[in-house]
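Residue-level structure breakdown
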Amino acid sequence: MSDLPAPALRCILVALDGSRLSEAILPAAVALAHRYASRVTLLHVLEKSPPATVHGERHLTDVVEGEEYLSSVAARLTGQGVTVETHVHRAPEGDVARSIAQHAVEVDADLVALSTHGRGGLRGLLFGRIAQQTLQQGDRPVLLVAPLPDGSAPPFDPHRILVPLDGDPDHETAIPMAVSLACAFGAALHLALVVPTVGALSGARAVSGMLLPTTMRAILDLSQQQASDYLRRFNTPCEERGVTVHAEIVRGDPAPAVVALIEQRGIDLVVMA
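Throughout what follows, the structure given in this document is the object of discussion. (Residues numbered from 1 in each chain as written. Predicted model: local features only at pLDDT ≥ 70, side-chain atom pairs only at ≥ 80, totals over all residues. Heavy atoms only, no water.)

**Topic: the packing of aromatic side chains**
Applying the stated rule across the entire model yields two aromatic pairs. Consider the rings of phenylalanine 156 and phenylalanine 185, whose centres lie 5.5 Å apart with planes at 80°: the pair is edge-to-face. Placement of the pair is phenylalanine 156 in the loop between β7 (142-145) and β8 (160-165) and phenylalanine 185 in helix α5 (residues 174-185), with a sequence separation of 29 residues. Summarising the aromatic geometry, the rings of tyrosine 230 and phenylalanine 234 are spaced 5.3 Å apart at their centres and angled 85° between planes, so their arrangement reads as edge-to-face. (Phe/Tyr/Trp six-rings, centres within 6.5 Å; stacked < 30°, edge-to-face > 60°. Helix = DSSP H or I, 4+ residues; strand = E, 2+ residues; numbered from the N terminus.)

**Side note on the sheet that holds strand β10 (residues 245-251)**
Pairing in this open sheet of four strands is parallel, and the strands run β10-β9-β8-β11 from one edge to the other. Either end of the sheet is taken by a strand with one partner, and the two such strands are β10 and β11 (269-270). As defined by bridge partners, strand β9 (residues 188-195) adjoins β10 across seven bridges and the pair is classed as parallel. Within β10, the position partnered with valine 195 by the bridge is arginine 251. The strands touched by α5 are β8, β9 and β11; relative to β8, the strand with the most contacts, the crossing angle is about 170°. Contacting β8, β9, β10 and β11, helix α9 (residues 254-265) crosses the sheet at an angle of about 165° to β8. (Pairing = 2+ DSSP bridges. Contact = heavy atoms within 4.5 Å. Axes fitted to C-alpha atoms, helices over the stretch in contact; angles between N-to-C directions.)

**Some thoughts on the environment of valine 258**
Position of valine 258 relative to the elements: it lies in helix α9. In this structure, the C-alpha to C-alpha distance between valine 258 and leucine 193, residues 65 residues apart in sequence, is 8.6 Å. Sequence-distant contacts of valine 258, defined by excluding residues within four places in its chain, comprise Leu162, Pro164 and Val194.

These figures come from the coordinates and say nothing about function on their own.
Take a look at the structure:
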């Protein structure tokens, strides 16, 4: 990869449901808006047959309540020097995530930003219903921020950004965004590729590992060298942008290994395709 085009973040779409938990995304939206000179569009989608409460708070049930709520949030962000627009989707929706994805296209958002309400630490981060479904249904980059344990909004000032890679060129599309964010926040970039151990193999490779363990270990050791060569390709283009790069090969089962790496390295932000 010889060129790393800097992604533009001209418009950030922030989806809010009226709860304190959903507002955990706001510090990130403000920080990004300041660094990229972005405008922020606040969106509230009215739900069809909504519950009486959302995350223990009274649910916004009509257009007037939604507009008043977004206006109050917009005033807070405007006071912090952010250009803000608001939009309440008036027709009650049964599929809120699809509506968010559609609005991202309509306002030509370069980023969709929302808080997750999943539980279970890093493993549960992506399992807030709306957040997960927005990821699946949209084609715009999505920023997910989890509230702190007390429900408050975490600060957004990443110092260590992780990009998990697996050799698939499609997943390399995360690198330009990660480099751009690293430049904007003065963060270090961590590139990680997981090479499975014999015990972490599955399917036909697991059978081969049991029948020919010595041969399989040799193959995996060769894979580790190839992985090191693969990651080294990205050092120069990243460093040419002034970004400090740390490349790391990890052995084990990919998903748990990445979660462990996040915790061990104190990663603040994960960027992945």
